[in-house]
Amino acid sequence: MKPSLYEARVHTWGRVSLVLAILMFMSYPLLASLLFGAAPDAGLVFQGLLAVAPVFWVVGAIEAFTFGPMLGSGGAYLGFVTGNLTAMKVPAALRAMQVLGVKPNTPEGEAVSTIAIAASSIVTTLVLLLGMLLLNTLRPVLESDTLAPAFKNVLPALFGGLAVVFVAKNWKIAVAPVVLMLAVFLIQPRLSGAISLLIPVGALVAILAARWLYKSGRL
């Protein structure tokens with residue numbers, strides 16, 4: 001089916017924005033190296049990339065397949081350019097769709113998702129700007145022992161709130177990923193630092209479990 005004018009323009013400008021974002025990310029370290037004559041050792045850079053790049057490639061590919069259908073093309077492009085999908089953009093988009101009663105992977109859902117991610121990006125930028133301007137004033141408060149536990153639980157709080165809503169809709173689908181993640185963290189607690197990789201894995205398990213439940217007539 002031929003894509004609509006909106007879809008064609010979204011993909012065109014989405015690709016342009018991604019290329020521009022990559023060039024801008026690379027421009028600062030490149031210009032800094034040229035201006036200050038402080039180019040890093042190529043061998044050390046390659047060793048560092050070899051250790052972490054494959055993980056980011058895998059996570060990026062999984063997130064594209066996991067979050068793309070949720071956010072729609074416009075929301076996905078905007079979310080991947082602005083970043084922080086797991087902790088902010090995806091929860092904002094899902095919550096906005098839930099409040100307005102629209103479903104993901106629909107024209108209405110894509111419109112709501114794109115607007116929610118755009119608003120989230122603007123708010124994030126303003127908060128970062130205020131943080132930069134008020135850094136010295138806010139540092140004693142932000143680094144206080146009283147607030148330390150809150151910052152450590154931001155991500156669980158975000159997804160915990162979303163989980164209550166979506167698990168309540170059909171708890172059978174949630175059993176398999178919840179049991180798997182509990183077993184993983186009980187066996188190897190250190191994997192709590194790999195949340196970006198484990199969330200797509202949990203999503204895949206949920207999809208497979210939902211398919212099995214549907215085929216067996218339990219859903």
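Residues numbered from 1 in each chain as written. Predicted model: local features only at pLDDT ≥ 70, side-chain atom pairs only at ≥ 80, totals over all residues. Heavy atoms only, no water.

## Some points on the overall build of the protein
We apply this condition: Runs of E in the DSSP output that reach at least two residues are strands. Runs of H or I that reach at least four are helices, and both are numbered from the N terminus. Only protein chains enter the accessibility calculation, which uses a 1.4 Å probe; a residue whose area is less than 20% of its type maximum is buried, one above 50% is exposed, and one in between is partly exposed. In what follows, residue pairs with any heavy atoms lying within 4.5 Å of each other are defined as contacts.
Scanning the protein from N- to C-terminus turns up nine helices and zero strands. Counting from the amino terminus, helix and strand elements in the protein follow one another as α-α-α-α-α-α-α-α-α. Referenced to the eigenvectors of the C-alpha coordinate spread, the extents of the protein come out at roughly 65 × 50 × 40 Å. Out of the 219 residues belonging to the protein, those deemed buried represent 23%. Of all intrachain contacts in the protein linking residues separated by at least 6 positions in sequence, the fraction that spans at least 24 positions is 65%.

## A closer look at the environment of I173
Looking at the element boundaries, I173 is found in helix α8 (residues 171-187). Take I173: its relative accessible area is 24%, and that puts it in the partly exposed class. Those residues in contact with I173 that sit more than four places away from it in its chain are A206, A210, L213 and L219.

## Focus: the layout of surface pockets
Worth spelling out the cut-off: Using a grid of 1 Å spacing that covers the protein atoms alone, one calls a set of points a cavity when a 1.4 Å probe fits there but cannot get out, and a pocket when the set is open and has protein on both sides within 12 Å along at least five of seven lines; lining residues are those with an atom within 4 Å of a point. Grid points are joined across faces, edges and corners, and a volume is the space filled by probe spheres set on the points.
Quantified by volume, the largest pocket comes out at close to 1,800 Å³. Considering the residues around the largest pocket, the lining is formed by 39 residues, among which M70, F159, F166, A203 and A206 are closest to the centre. Contributions of two or more residues to the lining of the largest pocket are made by α2 (42-82), α3 (85-100), α7 (154-169), α8 and α9 (195-215).

## A few points about the packing of α3 against helix α4 (residues 107-133)
For the record, the criterion: Lines fitted to C-alpha atoms define the axes here, with helix axes fitted over just the stretch in contact, and angles between the N-to-C directions of these axes take values from 0 to 180 degrees. For classification purposes, an angle smaller than 35 degrees is called roughly parallel, one larger than 145 roughly antiparallel, one from 65 to 115 roughly perpendicular, and anything else oblique. Take the far helix as the reference: if the near one is turned anticlockwise from it by less than a right angle, the crossing is left-handed, and if turned clockwise, right-handed. Classes in brief: Ala, Val, Leu, Ile, Met, Phe, Trp, Tyr, Cys and Pro nonpolar; Asp, Glu, Lys and Arg charged; the others, Gly included, polar.
Where α3 contacts α4, the axes come no closer than 8 Å and their chain directions differ by 135°. Between α3 and α4, the crossing angle belongs to the class labelled oblique. The way α3 lies across α4 gives a crossing that is right-handed. In this structure, α3 uses M88, K89, A92, A93, A96, M97 and L100 to contact α4, whose residues at the interface are G109, V112, S113, A116, I117, S120, S121 and T124. Looking at the contact of α3 with α4, its residues break down into nine nonpolar, five polar and one charged.

## Some points on the side chain of S113
Structurally, the position occupied by S113 is in helix α4. When its relative accessible area of 0% is taken as the criterion, S113 is described as buried. Setting aside its immediate chain neighbours within four residues, S113 contacts L71, G75, A93 and M97.

## Re the nonpolar core
Using the following cut-off: In these notes, a set of buried Ala, Val, Leu, Ile, Met, Phe, Trp, Tyr and Cys residues joined through side-chain atoms within 4.5 Å is what counts as a nonpolar core.
Judged by nonpolar contacts, the single largest core of 13 residues is most densely connected at F67, L71, L85, V90, A93, L94 and M97. Of all the secondary-structure elements, those providing two or more residues to this core are α2, α3 and α4. Per element, the largest residue contribution to this core is six residues, and it comes from α3. With residues up to four places along the chain from it excluded, the contact list for F67 reads L85, T86, V90 and I199.

## Some thoughts on unusual backbone geometry
A positive phi angle, close to 60°, is found at N84, a residue other than glycine. Exposure remark for N84: the relative accessible area of 44% places this residue in the partly exposed category. Its identity as a non-glycine residue notwithstanding, N105 has a phi of 65°, on the positive side. Of note, N105 is situated in the loop between α3 and α4.

## A word on α4
One full turn of an α-helix is made of 3.6 residues, so residues set three or four places apart face in the same direction. Convention followed: By definition here, a helix of n residues has an expected span of 1.5 Å times n minus one.
Between the first and last C-alpha of α4 there are 39 Å, a value that for 27 residues agrees with the 39 Å anticipated at 1.5 Å per step. Of the residues making up α4, those classed as buried are G109, E110, V112, S113, T114, A116, I117, S120 and S121.

## Description of α8
Look at α8: 24 Å from first C-alpha to last across 17 residues, which is about the 24 Å you get at 1.5 Å a residue. Taken residue by residue, α8 has A174, P177 and M181 as its buried positions.

## Looking at the confidence of the model for the protein
Applied cut-off: As a per-residue quantity, pLDDT reports the predictor's confidence and falls between 0 and 100.
Taken over all residues, the pLDDT of the protein has a mean of 84, while the share at 70 or more is 95%. Mean pLDDT across the secondary structure elements of the protein bottoms out at α7, with 74, and peaks at α4, with 91.

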